[in-house]
Amino acid sequence: MLIMRRIINVCTIISLLVVISCNDNKTSDLSIEKHSLDDCKEGTIEDLFSDVELIELRFDDKYYPKAISRMFIESGMVFIQDNRDNIYIYTEDGTPISSSLKMRGEGPGEHPFVMGFSWNPHSQLGEIITPNLLMFYDKNFNFVKSTRLESRVGKDSKKGMMYRTIYDLSSDIHLMAPTSSSERPWRLIVYDSSKEKNIGEISYEEDLWSSINIQSNHFFVLSDSTIYCHPQGLLPYTYILNPDNLTMDKAIEIESGSRCITLDDIKKLSGDEIQIAHYLHDYEKPVPVNTIVTSDKLFVMLKRGNTIRGFSTVVFDRNSSDKKEYSHYKNGKFMFPKIDFVKDNYVYAIVSKDALLENPALYLNNPANISNIDSFDEENWILLKYKYN
């Protein structure tokens, strides 16, 4: 009888260890930080920001961008990508360093167009993704080298493989996100540029609602070195990236609530991803289109319909239940900017000079904040650096 009891006890312990071992590979639902898009109080721009600084982005007199598509800050430099995929590099005070215009072409060291761009803080090199190559440049856009990507163009677009975003784990190891039309776009490819070889992948297929990409910057590194990732596609989760073992754990869930688009809504839409993208462009319910994570705040931009009147940003306080929604446009005026980047206690947005002058809320309704604007070139863009409360 004693031997039998010991056998039962040993089996029980083994069973518990198996359960614990299995759970180690999954994120507990209790450990996920959850926020709902329901019941948001309406806020004004002064509720969130206490000050704004204007930084003029000066361009070559021969070419002024018509629109800005992406902006980020890395290694003490500001990187701007325009609507024609030209890259501009500035110091943080707006002094021009260089642009990719001189390297646009099909000659040696030149790139015909840009599918994605990153600045690698480990190698201190810029990286441009083309259909077949990852091309490396210094900060003055002098060509350094190129490596071949494992890309392909298939007769069936679902069997093709192209890349549109890159995040650097080291000088040689990179996370590459496929385009939404590539084979299995719901994953991050681990690429070793020293070997010109894909060496792994991180999948989030089970969490994806739609593979349509609507996020501009996907990775957010906090002051404690925690790396958050909101990958491309429409999905409710933001993850913590574990760079040592190349895994991602669910960290934050944005619940749609009763007013925003849900997974059931997506399932009711018929057609391929391109048709679904058209549906979402005009969808009557708010659709989350951009998520930015900081240590204490979470910014979620919503889009409803196909006009600027349907944009708003919900800001969650991660340390409390406080949340407010800020409408971008009201009564014929812009009331809140499209946020491009967040660093430390500052929020960055880019506007034209005319748009800033015509919309006082963007300079916090305080004329003193634009006292130096007369010296700015009419065609240059302005980087707004907001300090939040």
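Preceding this paragraph is the structure being described.
The rules behind these values
- Residues numbered from 1 in each chain as written.
- Predicted model: local features only at pLDDT ≥ 70, side-chain atom pairs only at ≥ 80, totals over all residues.
- Heavy atoms only, no water.
- Salt bridge = Lys/Arg side-chain N within 4 Å of Asp/Glu carboxyl O.
- Helix = DSSP H or I, 4+ residues; strand = E, 2+ residues; numbered from the N terminus.
- Buried < 20%, exposed > 50% of the residue type's maximum accessible area, 1.4 Å probe, protein only.
- Core = buried A, V, L, I, M, F, W, Y, C linked by side-chain atoms within 4.5 Å.
- Contact = heavy atoms within 4.5 Å.
- Polar contact = N/O pair within 3.5 Å; in protein donor to acceptor, adjacent residues only side chain to side chain.
- Pairing = 2+ DSSP bridges.
- 1 Å grid on protein atoms, 1.4 Å probe; cavity = no way out; pocket = protein on both sides within 12 Å on 5 of 7 lines; lining within 4 Å.
- Points joined across faces, edges and corners; volume = space filled by probe spheres on them.
- Nonpolar A, V, L, I, M, F, W, Y, C, P; charged D, E, K, R; others polar.

Moving on, we come to the pattern of salt bridges. By the definition in use, this model includes 13 salt bridges. The salt bridge partner of E201 is R187, with a shortest N-O separation of 2.8 Å. Note that E201 is positioned in strand 15 (residues 197-203) and R187 in strand 14 (residues 187-192), a separation of 14 residues in sequence. Residue K338 is joined to D340 by a salt bridge in which the shortest nitrogen-to-oxygen separation is 2.9 Å. For K338, a relative accessible area of 40% translates into the label partly exposed. Overlapping salt bridges, with partners in common, bring together R184, R187 and E201 in one network.

Take the nonpolar core next. Counting residues in each nonpolar core, the largest one holds 42 residues, and the members touching the most others are F49, F299, L356 and Y386. Residue assignment for this core shows that the elements contributing at least two residues are helix 2 (45-48), strand 3 (49-57), strand 19 (247-255), strand 20 (287-293), strand 21 (297-303), strand 22 (311-317), strand 27 (346-352) and strand 28 (381-388). Those residues in contact with F49 that lie beyond four places of it in its chain are F336, V347, L364, Y386, K387, Y388 and N389. Judged by nonpolar contacts, the second largest core, of 29 residues, contains Y88, V114, F141 and I350.

Following the sequence through the fold, H218 ends up in the loop between strand 15 and strand 16 (219-221). The buried category is assigned to H218, whose relative accessible area is 6%. Within the structure, the side chain of H218 is placed 3.5 Å from the side chain of R164, a separation counted as a polar contact. A distance of 3.3 Å separates a polar atom in the side chain of H218 from the backbone oxygen of Q215. In contact with H218, other than residues within four places in its own chain, are R164, T165, N213, Y228, C229, H230, P231 and Q232.

Glancing now at the pairing of strand 11 (residues 143-148). Bridge count for strand 10 (residues 133-137) against strand 11 is five bridges, and the pairing is antiparallel. By the bridge assignment for strand 11, L133 is matched with R148. Linkage of strand 10 to strand 11, two consecutive antiparallel strands, is achieved through a turn of five residues, within which F141 is found at a positive phi near 60°.

Turning our eyes to something else, we now look at empty space enclosed by the protein. Here the structure, examined in full by the defined rule, presents two cavities of 30 Å³ or more. The computed volume of the largest cavity comes to approximately 150 Å³. For the lining of the largest cavity, the per-class residue count stands at 10 nonpolar, six polar and no charged. What lines the second largest cavity is N290, I292, F299, V300, M301, T313 and I339. Among the secondary structure elements, those contributing two or more residues to the lining of the second largest cavity are strand 20 and strand 21. Of all the elements, strand 21 adds the most residues to the lining of the second largest cavity, at three residues. Within the lining of the second largest cavity, the residues separate by chemical class into five nonpolar, two polar and no charged.

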